Amino acid sequence: MKKNISLIGVPMDLGQTRRGVDMGPSAIRYADVTKELMQLGYTVEDLGDIEISRFEPSLEQEENLKNLVQVTDACSLLATKVDAAIQDNSFPLVLGGDHSIAIGTIAGVAKHYENLGVIWFDAHGDLNTPETTPSGNIHGMSLAINLGHGHPLLTKIHHKYPKIKPEHVVIIGARSLDEGERVFIKEHGIKVYTMHEIDRLGMSRVIDETMAYLKHTDGVHLSLDLDGLEPHDAPGVGTPVPGGITYREGHLAMEMLAASRMVTSAEFVEVNPILDERNRTAVVAVGLIASLFGQKIL
């Protein structure tokens, strides 16, 4: 891990329809993410929040993509900021906000790698397209967009297209997939560890296999949606799905990734304080972040 961390907040709730996730970056900051990282020996520069536009042009509904222009603008700004952080030899750590922000994060990161690997830690695949989406919510399309499938305003953000390759993606924790996403996964050969595989193999083996699978990449981005965890452990998310990754399994995954030193950028998304209990989910997010950056029990 680089010793300098650039913290970037993206207070955006436009990739979906439940209000409150725009307060996620503030909640994670309130849970002392900067203090935790500094205690681990990192230099942290908080770059503040991306500005989010709120106007609503009619184009969006015609395209079956809610808030298309606003999401495009926010992700373009985010890509530029992430790109600049990497150029400054800093580790970009992005705080969401809904998972549509991954369009911008990965766009900024991918510019610096020929073969970027992505670990998508999520209950959902986020592999819908405008043709298959049941909702029009862009946060359910963000991984497909980074793979080059979606509206050109989104897929062409920050020049490089597509941003990542199907063989360099691993989804961990999936347990709620739409029919179009199942077809997408099979057609493109995407590696997925559903909760069935995690229960059967154990998290340790899943992470070992993930690291081996991504060994030929030249950088690895971690995109962690808090709804990947069991809702009992992370109640403050907009789309909770029972039967998720446990608190301890999540920490084990982060600890193993820390030991591997493979992760070169990360984002933690979908913390919704309105749906939370005494900021529990933000505290869990900070704990996972600390484990990713090397915090140990002993």
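Let me begin by describing the structure that accompanies this report.

Here is what the cut-offs are and how they apply
- Residues numbered from 1 in each chain as written.
- Predicted model: local features only at pLDDT ≥ 70, side-chain atom pairs only at ≥ 80, totals over all residues.
- Heavy atoms only, no water.
- Salt bridge = Lys/Arg side-chain N within 4 Å of Asp/Glu carboxyl O.
- Helix = DSSP H or I, 4+ residues; strand = E, 2+ residues; numbered from the N terminus.
- Buried < 20%, exposed > 50% of the residue type's maximum accessible area, 1.4 Å probe, protein only.
- Axes fitted to C-alpha atoms, helices over the stretch in contact; angles between N-to-C directions.
- Parallel < 35°, antiparallel > 145°, perpendicular 65-115°, else oblique.
- Left-handed = near helix turned anticlockwise from the far one by under 90°.
- Contact = heavy atoms within 4.5 Å.
- Expected span 1.5 Å × (residues − 1).
- Pairing = 2+ DSSP bridges.
- Right-handed = clockwise from strand over helix to strand, strands pointing away.
- Polar contact = N/O pair within 3.5 Å; in protein donor to acceptor, adjacent residues only side chain to side chain.
- Core = buried A, V, L, I, M, F, W, Y, C linked by side-chain atoms within 4.5 Å.

Section: the pattern of salt bridges
A full pass over the atoms with the stated rule returns eight salt bridges. Put simply, R29 and D46 hold a salt bridge, and the shortest N to O gap is 2.7 Å. With R29 in helix α1 (residues 24–30) and D46 in strand β2 (residues 43–49), the pair connects residues that are 17 residues apart, well separated along the chain. A relative accessible area of 21% places R29 in the partly exposed class. What makes D46 partly exposed here is its relative accessible area of 36%. Of the charged contacts, one joins E277 and R280 as a salt bridge, the two residues approaching to 2.6 Å between their closest N and O atoms.

Describing the packing of helix α11 (residues 247–260) against helix α12 (residues 280–292)
Two numbers describe how α11 lies on α12: the axes approach to 7 Å, and their chain directions differ by 30°. As far as their axial angle goes, α12 and α11 are roughly parallel. The way α11 lies across α12 gives a crossing that is right-handed. Only V284, G287, L288, S291 and L292 of α12 make contact with α11, whose side of the interface consists of Y247, G250, H251, M254, E255, L257 and A258.

Regarding α11
The terminal C-alpha atoms of α11, which comprises 14 residues, lie 20 Å apart, in line with the 20 Å expected from a rise of 1.5 Å per residue. For α11, every residue scored as buried is listed here: G250, H251, A253, M254, M256, L257 and A258. Along its buried surface, α11 packs onto β4 (116–121), α10 (203–213), β7 (219–225), β8 (263–269) and α12. Immediately downstream of α11, the backbone of R261 shows phi near 60°, a positive value.

Quick look at the pairing of β8
The element β8 is largely enclosed, with a buried count of six among its seven residues. Sheet analysis places strand β3 (residues 91–96) next to β8, joined by three bridges and oriented parallel. Paired with V94 across the two strands is E267, which belongs to β8. Where β7 meets β8, six bridges bridge the pair, whose relative direction is parallel. Of the residues in β8, the one forming a bridge with V220 is V263. The parallel pair β7 and β8 is bridged by α11, and the resulting crossover is right-handed.

Looking at the environment of N272
Mapped onto the fold, N272 is located in the loop between β8 and α12. For the pair formed by N272 and H99, sequence separation is 173 residues and the distance between their alpha carbons is 12 Å. Here the side chain of N272 touches R19 through a polar contact of 3.1 Å, landing on its backbone oxygen.

What to know about the side chain of D227
Relative to the helices and strands, D227 resides in the loop between β7 and α11. In this structure the side chain of D227 is engaged in a polar contact, spanning 3.3 Å, whose partner is the backbone nitrogen of A123. Excluding anything up to four places from it in sequence, D227 contacts D122, A123, H124, R175, V237 and T239.

Quick look at the pairing of strand β5 (residues 169–174)
In terms of burial, β5 is a largely internal element, six of the six residues being buried. Sheet analysis places β4 next to β5, joined by four bridges and oriented parallel. Bridging from a neighbouring strand, F121 pairs with I172 of β5. For the crossover from β5 across helix α8 (residues 179–188) to strand β6 (residues 191–194), the handedness is right-handed.

Observations concerning the nonpolar core
Nonpolar side chains in soluble globular proteins tend to be buried together. Grouped together as the largest cluster of nonpolar side chains are 50 residues, with contacts concentrated most on L93, I172, L222, M254, F268, L292 and F293. The leading source of residues in this core is α12, at seven residues. Ignoring sequence-local partners within four residues, the contact set of I172 consists of I119, W120, F121, D122, Y193, I198, M203, V206, I207, T210 and I245.

Functional significance is not addressed by these values, which are geometric in nature.
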